[in-house]
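Close look at the chain arrangement
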Amino acid sequence: MALTPYKIHKIRRQLSHGTTKASACTLNAVLKFDDIESPHCVYNEKVAVRLGQTLHVPIAAGVLTTTGDGLAFASLHIEAPGLALPNLIPSR
């Protein structure tokens, strides 16, 4: 299974606990919302990510989130220069 690297927006500070010397950071994401033309966009995005992961397609992970405008789907930015995505054959 291929790993999908995500683009780090900012590395903030090293956490004071733990032996792995972890740091807090932020990641860029694309927010998608339901609207008149696509009333089930958030649900469709969630299902598409789950389906892609089930089929082992190198797809960006995403999460459900809320904003002032309501429920949204946040899809993480991928940072992989030169990433070659596999050709999908019709049987897949």
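Everything quoted here is computed from the prediction, not taken from an experiment. Each chain carries its own residue numbering, running from 1 in the written order of its sequence. Given that this is a predicted model, residues contribute local features only at a pLDDT of at least 70 and side-chain atom pairs are listed and counted only at 80 or more, while totals for whole chains, interfaces and linings are drawn from all residues. Only heavy atoms go into the side-chain values, all of them from the structure, while hydrogens and water stay out.

Focus: the pattern of salt bridges
Counted only if it meets this: The term salt bridge refers to a side-chain nitrogen of Lys or Arg lying within 4 Å of a carboxyl oxygen of Asp or Glu. Secondary structure follows DSSP: runs of H or I at least 4 residues long count as helices, runs of E at least 2 residues long count as strands, and numbering of each begins at the N terminus. Each residue's exposure class comes from its accessible area (1.4 Å probe, protein chains only) as a fraction of the maximum for that residue type: buried when under 20%, exposed when over 50%, partly exposed otherwise.
Here the structure, examined in full by the defined rule, presents one salt bridge. A salt bridge links K32 to E45; its shortest N-O distance comes to 3.3 Å. Of the two residues, K32 is situated in strand β3 (residues 29-33) and E45 in helix α1 (residues 41-54); the sequence distance between them amounts to 13 residues. Taking relative accessible area as the criterion, E45 reaches 21% and is therefore assigned partly exposed.

Some remarks on the pairing of strand β5 (residues 70-76)
On any regular strand, side chains alternate: one points to one face of the sheet, the next to the other face. Heads up, the condition is: Strand pairing is assigned whenever DSSP identifies at least 2 bridges connecting the two strands.
Relative to β5, β3 is paired through five bridges, and the arrangement is antiparallel. Residue pairing across strands places L31 opposite A74, the latter belonging to β5. Pairing analysis gives six bridges linking strand β4 (residues 62-67) to β5, with the strands arranged antiparallel. Bridged to G62 within β5 is S75. Between β4 and β5, which follow one another and run antiparallel, lie two residues.

Section: unusual backbone geometry
One non-glycine residue with positive phi stands out, namely K21, at about 55°. Note that K21 resides in the loop between β1 (8-14) and β2 (23-27). The backbone phi angle of H56 is positive, close to 60°, even though this residue is not glycine. Examined against the element boundaries, H56 turns out to sit in the loop between α1 and β4. Taking the relative accessible area as the measure of exposure, H56 reaches 58% and is therefore exposed.

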